[in-house]
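# Structural overview
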Amino acid sequence: MIRTAPLAVPGRLWRLARPGGMPLVLGLPATGYGFAHWEWAAPDPRPWELGVLLIAWWFLSAGTLWLNAALDQGDGEVLMGPRPEPVPHLPRWGGAALLVAVAVAATLGPGPF
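Everything numeric here is computed off the predicted structure, so don't read it as measured data.

Moving on, we get to the confidence of the model for the protein chain. For the protein chain, per-residue confidence averages 83 on the pLDDT scale, and residues scoring 70 or more make up 81% of the total. Between the elements of the protein chain, mean pLDDT differs from a low of 86, seen in helix α1 (residues 8–16), to a high of 95, seen in helix α4 (residues 90–106).

Okay, structure coming up:
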């Protein structure tokens, strides 16, 4: 069983979410949003929708990375930084992040969802 201080878990989860790569991940939906408004001449772009969509994508990416880290168990080399320390209940954190991503995206309606 892994014993960690309660305040250490958010920091470890943050490192496992690979914040250095997040600008690239979040750049994909932002580019698509801009292209869709430009190509289709969509009226009334609402920047808050893009913000909500980026939050959903952040949770989607983080949840996927957390599930992958739980599967790998920290074996082998790590591409974007040092090997992080284990986090208790990491598959639950990953699943919860994916559910949050779906819930956040659902607030935007059927198109973005």
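Scanning all chains against the criterion turns up four aromatic pairs. Measuring from ring centre to ring centre gives 6.1 Å for Trp14 and Trp58, while their planes differ by 20 degrees; the resulting arrangement is stacked. Of this pair, Trp14 sits in helix α1 while Trp58 sits in helix α3 (residues 47–72), and the two are 44 residues apart along the sequence. Taken together through their ring pairs, the aromatic side chains of Trp14, Trp58, Phe59 and Trp66 make up a single cluster.

What follows concerns the nonpolar core. If you look at the biggest cluster of nonpolar residues, it comprises 13 residues, and the most contacted ones within it are Leu13, Leu16, Ala17, Trp58, Trp66, Val87 and Leu90. Listed by contribution, the elements that provide at least two residues to this core are α1, α3 and α4. Leave out the neighbours within four places in its chain, and Ala17 touches Met22, Trp58, Ala62, Leu65 and Trp66. By size, the runner-up hydrophobic cluster in this structure holds six residues, among which are Leu53, Ala56, Ala105 and Leu108.

How each quantity is defined
- Residues numbered from 1 in each chain as written.
- Predicted model: local features only at pLDDT ≥ 70, side-chain atom pairs only at ≥ 80, totals over all residues.
- Heavy atoms only, no water.
- pLDDT = per-residue confidence, 0-100.
- Helix = DSSP H or I, 4+ residues; strand = E, 2+ residues; numbered from the N terminus.
- Phe/Tyr/Trp six-rings, centres within 6.5 Å; stacked < 30°, edge-to-face > 60°.
- Core = buried A, V, L, I, M, F, W, Y, C linked by side-chain atoms within 4.5 Å.
- Buried < 20%, exposed > 50% of the residue type's maximum accessible area, 1.4 Å probe, protein only.
- Contact = heavy atoms within 4.5 Å.

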